[in-house]
Amino acid sequence: MKKHFIIFGSVFFTAVLVLFAIIMCAVTKDQIDEMNMLFENSFSSQYWFYEMNKGFEGEEYIEGFELQSFISSFYEDQMYQYVDNFNSGMYNAIIDTNNDYSIIAESRDIVQVYTSYNDTYDSRIAFPSNEIFESDDLSFYSYSGFENSKVDDYFIYDGEGKVENYENALELKWDQPLFVNEDDFVSFEEWIKNGEASVDFHVFPYNQNAKKTKANNDAKKLSNEYVEMYRNLGSSSGGEVLKELGIFTSREIYFRVEEDEGILVTYCSIYKPFERAIAQNKKFYLSALIIFILMELFIIVSTRRLYLSQKSFEIRSQRLTRGVAHELKTPLAVTKACVENWEYIDEDERHEYSEKIISEVDHMAGLITKLLELSKLSGGKSQVQREDIDLLALTRSIYSQMSELAREKNLEVSISGTKEDEDYIISADLEMMHIVISNFISNAIKYSDSFIRVAVSDLGRRIEFRITNDGAVVERKDLNKVWDVFYRTNEVRNDRIESSGVGLAVVKSILDLHKAKYGCESNVHSTTFYFIIDKAKEKN
């Protein structure tokens, strides 16, 4: 049986797991498609300006002026791509094909410096010589002075200085790239009108953190591979040469060769859509995971409860079968013996034997009737005919019918309520409650040595019935078993009180039908059975 329940639970567990996986895959696939679409659009914007603004086209590369304009546009377009919303790795480069494929300009940390003077705005790009912009918090800085810095039409170079904001102060030194115009420049002080212009610095870090740095390095490696491939093949190519939109990794490369100008331009990005989708929707995935775990726990707990319930049912069935067999074995043996020896019995003794046979048959019939009654109650087929009943009065009435048995054992019996002038009215089935009280009192008389105390108490909305007697002790491990069919203590106290072993099982079923709370308490001094049932509703 256990194996079947394990298989049953495993099937449901696996089914929920598969369903959860399918739903999560579908949701994640939609998210990945959306991430890839945003990545693709973002990548396209990186090289869009190239097709629209070839400012140096038709000019000689050696003159450098138009190349400066192109390089300036190259960096200005990328400034807002460095800090993208996708944590993609990117690498862009301008390469001199006439000079052993040396790099003229490439992705790196940059600073945009802009001034405001008499409603006139101007800006330049500068390149810090050391990597110091490893921060997710990009903010505006004000300068505290620069020395020996030069400014041409597009760039700031040479010199050093300090910029600061409310939280940070940065020492900066400017590189002097090969593409700056050293023949036509002004000093930094002259550019800012000797301090009269308003100056701000905006930092654009290329490597914000270790994760971003790794992604950028991967993009650079991919770009270098394609440059080397072009160099070895020696053929011209251009446009988008690679577009792979995957689940875990997406890659795109734009590759353009301008042979007349002697330059090669690359735009390369690597993106992790799955990682980004998880990060962007982590609350959703966490909630879904919690729901999934709760569902699986529910299946495990429910399967275990079904197994224990089935196991308990089988144990009860086995006990019932053994109990019925035990109860019927003796009367059947007596009846068989009487019938087999009937012809050898004297005529004057046959009346006694026939009464014994009738008694044993009546005992078996009574047992079967009680078992059928228990089956009817347990199956919920019995209808509760509720009426108002005074529980204390009913208890006294039932005891008066059994008082002779208590007197024979010299038992001290008391039946009392919290207040004698009160009524203890409950809404219940009179016949069923008669069975309950009769069983409790008869069992108390059967197993008591000296006293029985019955107490009926008003608990507000409910009424409690408690019956306590000394004598036989119910072991702690058996407190729940007393309600099982054919359960008996090891001591048999009074043969005059008939016991079929199904009394408390019937009581349990009746109290369950009435949704009453019940139990058994026992120690070396006494044993108590109790139940708590709702009061009858007051009538206006």
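From a predicted model like this one, the values you see are computed outputs, not experimental measurements.

Student: Describe the side chain of Asp429, listing the residues and the values that go with them.
Tutor: Secondary-structure assignment places Asp429 in strand β17 (residues 425-429). Of the side chains with opposite charge, Arg386 comes closest to the buried, unpaired Asp429, at an N-O distance of 8.4 Å. Looking at Asp429, its side chain comes within polar contact range of the main-chain nitrogen of Glu431, at 3.1 Å.

Student: With reference to specific residues and values, describe helix α8 (residues 391-408).
Tutor: With 18 residues, α8 ought to run about 26 Å at 1.5 Å a step, and its terminal C-alpha atoms sit 26 Å apart, in line with that. Of all the bends found along α8, the most pronounced is centred on Met402 and spans about 55 degrees. For α8, every residue scored as buried is listed here: Leu391, Leu392, Leu394, Thr395, Ile398, Tyr399, Met402, Ser403, Leu405 and Ala406. The backbone nitrogen of Leu392 lies 3.2 Å from a side-chain oxygen of the residue at the head of α8, namely Asp390. Downstream of α8 by a residue or two, Asn410 has a phi angle that is positive, lying close to 55 degrees.

Student: Could you give an account of the nonpolar core, naming the residues involved and the relevant values?
Tutor: Of all hydrophobic cores here, the largest spans 42 residues; its most connected members are Leu391, Phe440, Phe465, Ile467 and Phe531. When residues of this core are traced back to their parent elements, those giving at least two are α8, β17, α9 (430-447), β18 (451-458), β19 (462-469), α10 (503-513) and β21 (527-534). Discounting residues that sit within four places of it in the chain, Phe465 has contacts with Leu391, Thr395, Ile437, Phe440, Val454, Ala455, Val456, Phe529, Tyr530 and Phe531. Judged by nonpolar contacts, the second largest core, of 23 residues, contains Ile125, Phe155, Val180 and Ile263.

Student: Mind laying out the pattern of salt bridges, listing which residues take part and the relevant values?
Tutor: For the structure on display, the rule yields 15 salt bridges. A salt bridge links Lys29 to Asp33; the shortest N-O distance between them is 3.0 Å. Residue Lys29 and its partner Asp33 are both found in helix α1 (residues 2-52); the two are separated by four residues, about one turn of the helix. One salt bridge connects Arg466 with Glu464, and the closest N-O pair in it is separated by 3.1 Å. On the basis of relative accessibility, which here comes to 14%, the residue Glu464 falls in the buried class. One continuous salt-bridge network, built from bridges that share partners, spans Glu464, Arg466 and Glu521.

Rules and cut-offs
- The residue numbering used here restarts from 1 in each chain and proceeds along that chain's sequence as written.
- Only residues with pLDDT of at least 70 get local features here, since the model is predicted, and only at 80 or more are side-chain atom pairs given and counted; chain-wide, interface and lining totals rely on the full set of residues.
- Water and hydrogen atoms were dropped before computing side-chain values, which therefore reflect all heavy atoms in the structure.
- Where helices and strands are cited, they refer to DSSP runs of H or I of at least four residues and of E of at least two residues respectively, numbered from the N terminus.
- For every residue, the accessible area obtained with a 1.4 Å probe (protein chains only) is divided by the maximum for its type, and the residue is called buried under 20%, exposed over 50%, and partly exposed between those limits.
- All tallies of charge rest on Lys and Arg as positive and Asp and Glu as negative; His and the ends of each chain are not included.
- Take a side-chain nitrogen of Lys or Arg and a carboxyl oxygen of Asp or Glu: if they are within 4 Å of each other, that pair is a salt bridge.
- We call two N or O atoms a polar contact when they sit within 3.5 Å, provided that within protein one can donate a hydrogen and the other can accept it, with sequence-adjacent residues counted only if both atoms are side-chain atoms.
- Helix span is expected to be 1.5 Å times the residue number reduced by one.
- One axis fitted to the seven residues ending at a residue, another fitted to the seven starting there: the angle between these axes is the bend at that residue.
- Put simply, buried Ala, Val, Leu, Ile, Met, Phe, Trp, Tyr and Cys residues joined by side-chain atoms within 4.5 Å make one nonpolar core.
- Residues count as neighbours in contact if any of their non-hydrogen atoms are within 4.5 Å of one another.

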